Amino acid sequence: MLQFVDIIRDPIHGYIQITALEEHLINTPFFQRLRLIKQTPGASWVYPGANHTRFEHSLGVMHLAGKLATKILHEDPYWGEELSLSQQQKMIQKTRLAGMFHDIGHGPFSHVFEEFLSDLNAEINHEDIGEVIIDKKVGPLLTAFDGWDDSDVEQIKNWLRGREYGLGSIITESINVDTLDYLVRDAHHTGTIEYGWVDMNRIVDNTEIVRLSDEEMEDLSANGVVVLRSSDRKAFENIILAINERAIIAVESFFISRLEMYKAVYYHRTVRAIECGLVKGMKEIADDIPGLCLFKEAQNVNNIFGTNASNLDSFLHLNDYVVLAEMLKRNCAELEKILNRKQRRMALEKLEDVTSNEFAEYARRLSRRQSLEEEIRRKLVEGGIESDVILD
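The paragraphs below set out a description of the structure included in this document. None of these values were measured; they are calculated from a predicted model.

Here the focus is the packing of helix α15 (residues 290-297) against helix α17 (residues 309-316). Where α15 contacts α17, the axes come no closer than 7 Å and their chain directions differ by 125°. In terms of their interaxial angle, α15 and α17 are classed as oblique. Residues P290, G291, L294 and F295 of α15 form the contact with α17, whose own contacting residues are N311, S314 and F315. Looking at the contact of α15 with α17 residue by residue, the class counts come to 4 nonpolar, 3 polar and no charged.

Next comes the structure, spelled out in structure tokens:
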């Protein structure tokens, strides 16, 4: 068992226990900064209770990751033979830390910041930035503790980026502790619990490890299904996460809840209108905030953080309140529209059947989206209508 030194009261999980190592890392400026970044920034203007932050979500993911890692390690018939008790405890602690730091790279307004980066044509996301923070800020603190070294830092980064499959993959799999926490947490704070409720305990209690031979792994990769050919699986090194069929109803509910939350909350038309306004507002004031203007010229994470250590400190100074304060100071037109409840209204919602490649062409290529917006705007002008156009 891990040795816990304190507890945190959480509205979703009840009491979250923390270790001395976790307490030390929680009480750092770069982690406390997450208190100042809303989890659902656009939704908070539509659902007034949605003022929760990345801070409590990260603690929730840490808690679920530890709970699931403990369950898997204790029930797997082989890990008890392969790992000593202290090694098992360290593996659980490492998985909890991966959960704790999975969102450490978020900028102001969470995923809205990534839309801002996309509009600048910067090929960077919060996972790229998070890896830099773990490497340069978390790593030195973690390796100062007895029994921890650079290989542990690398494994946490590799788990979070999907470069290494293992126990930490419970944070990044299609059904993962990150999504389990944010669905229920977002539903709780927006008051849409009817849409986002998920039986987390049923899914966690029925998640297990399956060891596959190389041949079975090839079958799974090629066909999506696999037939286990041997009862003795101790020698097999390919490890995958699986959910027992006893939890099939909970799994179905998980996917339905995710769909309903996207429709009711994340892609609500007013939520998206406000988030589009926040993106334009950040572009309007980017030159006046060092942490934002970093991304105007450099196109990838190495250009920004590779050589200049002060750039990371400038980024870590960013949060929702810093950006909002500058918008207010500058009388930002986009923020004024939001404050006066005159944000953009949806003019047309049209469903189209598109391939994944066609969606990627629109969603990931700024030039393509801008050309479509300009084409629509031009046709409106020809019809005597002057209007700003945003495709979302």
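Continuing now.
The next subject is the pattern of salt bridges. For the structure on display, the rule yields 22 salt bridges. For R161, the salt bridge is made with E131, and the minimal N-O distance between the two is 2.9 Å. Within this pair, whereas R161 is found in helix α8 (residues 150-161), its partner E131 is found in helix α7 (residues 126-142), the two being separated by 30 residues in sequence. K157 is the partner of E154 in a salt bridge, and the nearest nitrogen-oxygen pair spans 2.9 Å. Here the residue E154 and the residue K157 both occupy positions in helix α8, the gap between them amounting to 3 residues, near one helical turn. On the basis of relative accessible area, K157 is assigned to the buried category, the value being 7%. Salt bridges sharing partners connect three or more residues here, namely D128, E131, R161 and R163.

For the rest of this paragraph, the subject is the packing of aromatic side chains. Scanning all chains against the criterion turns up 12 aromatic pairs. Pairing F113 with F295 gives two aromatic rings, centres 5.5 Å apart and planes at 80°, and the pair type is edge-to-face. In this pair, F113 sits in helix α6 (residues 111-119) while F295 sits in helix α15, placing the two residues 182 residues apart along the sequence. Here F113 and F315 contribute two aromatic rings whose centre-to-centre distance is 6.0 Å and whose plane-to-plane angle is 55°, an arrangement assigned as tilted. Residue F113 is located in helix α6, and its partner F315 is located in helix α17; the two are separated by 202 residues in the primary sequence. Overall, F113 belongs to the buried group, its relative accessible area being 1%.

Okay, unusual backbone geometry next. For residues other than glycine, phi is negative in most cases, and the peptide bonds are mostly trans. Phi is positive for F109, which is not a glycine, with a value near 65°. As for its placement among the helices and strands, F109 is situated in the loop between α5 (85-100) and α6. With a phi close to 50°, N331 is a non-glycine residue in the positive phi region. With respect to the helices and strands, N331 occurs in the loop between α18 (320-329) and α19 (333-339).

So, about the side chain of N311. Along the chain, N311 turns up in helix α17. Within the structure, N311 has its side chain in polar contact with the backbone oxygen of I304 (distance 2.7 Å). If sequence neighbours within four positions are ignored, N311 has contacts with L294, I304 and F305.

Glancing now at the environment of V301. Take V301: it is sitting in helix α16 (residues 301-305). V301 sits in the buried class, given a relative accessible area of 17%. Along the backbone, V301 and I338 are 37 residues apart, and their C-alpha atoms lie at a distance of 31 Å. If sequence neighbours within four positions are ignored, V301 has contacts with I124, D128, V132 and G306.

What counts and how
- Each residue is numbered by its place in its chain's sequence as written, counting from 1.
- Two thresholds apply to this predicted model, a pLDDT of at least 70 for residue-level local features and 80 or more for giving and counting side-chain atom pairs, whereas whole-chain, interface and lining totals are computed over all residues.
- Just so you know, side-chain values use all the structure's heavy atoms and leave hydrogens and water out.
- A fitted line through C-alpha atoms serves as each axis, taken over the contacting stretch for helices, and the angle formed by two N-to-C directions is quoted from 0 to 180°.
- Starting at the N terminus, helices and strands are each numbered in turn, a helix being any DSSP run of H or I of at least four residues and a strand any DSSP run of E of at least two.
- Convention used here: angles under 35 degrees read as roughly parallel, angles over 145 as roughly antiparallel, angles from 65 to 115 as roughly perpendicular, and any remaining angle as oblique.
- The contact criterion used is simple: two residues touch if any of their non-hydrogen atoms lie within 4.5 Å.
- Residues are grouped as follows: Ala, Val, Leu, Ile, Met, Phe, Trp, Tyr, Cys and Pro are nonpolar; Asp, Glu, Lys and Arg are charged; every other residue, Gly included, is polar.
- Note on definitions: salt bridges are taken to be side-chain nitrogens of Lys or Arg within 4 Å of carboxyl oxygens of Asp or Glu.
- Classification of residues uses two cut-offs on accessible area relative to the type maximum, computed with a 1.4 Å probe and protein chains only: under 20% is buried, over 50% is exposed, and between them is partly exposed.
- Here the aromatic set is Phe, Tyr and Trp, taking the six-membered ring for Trp, and pairing holds for ring centres within 6.5 Å; pairs whose planes are under 30 degrees apart are stacked, those over 60 apart are edge-to-face, and all others are tilted.
- Identification of polar contacts relies on pairs of N or O atoms within 3.5 Å, with a donor-acceptor requirement for protein atoms, meaning one able to donate a hydrogen and the other able to accept it, and with residues adjacent in sequence counted only if both atoms are side-chain atoms.

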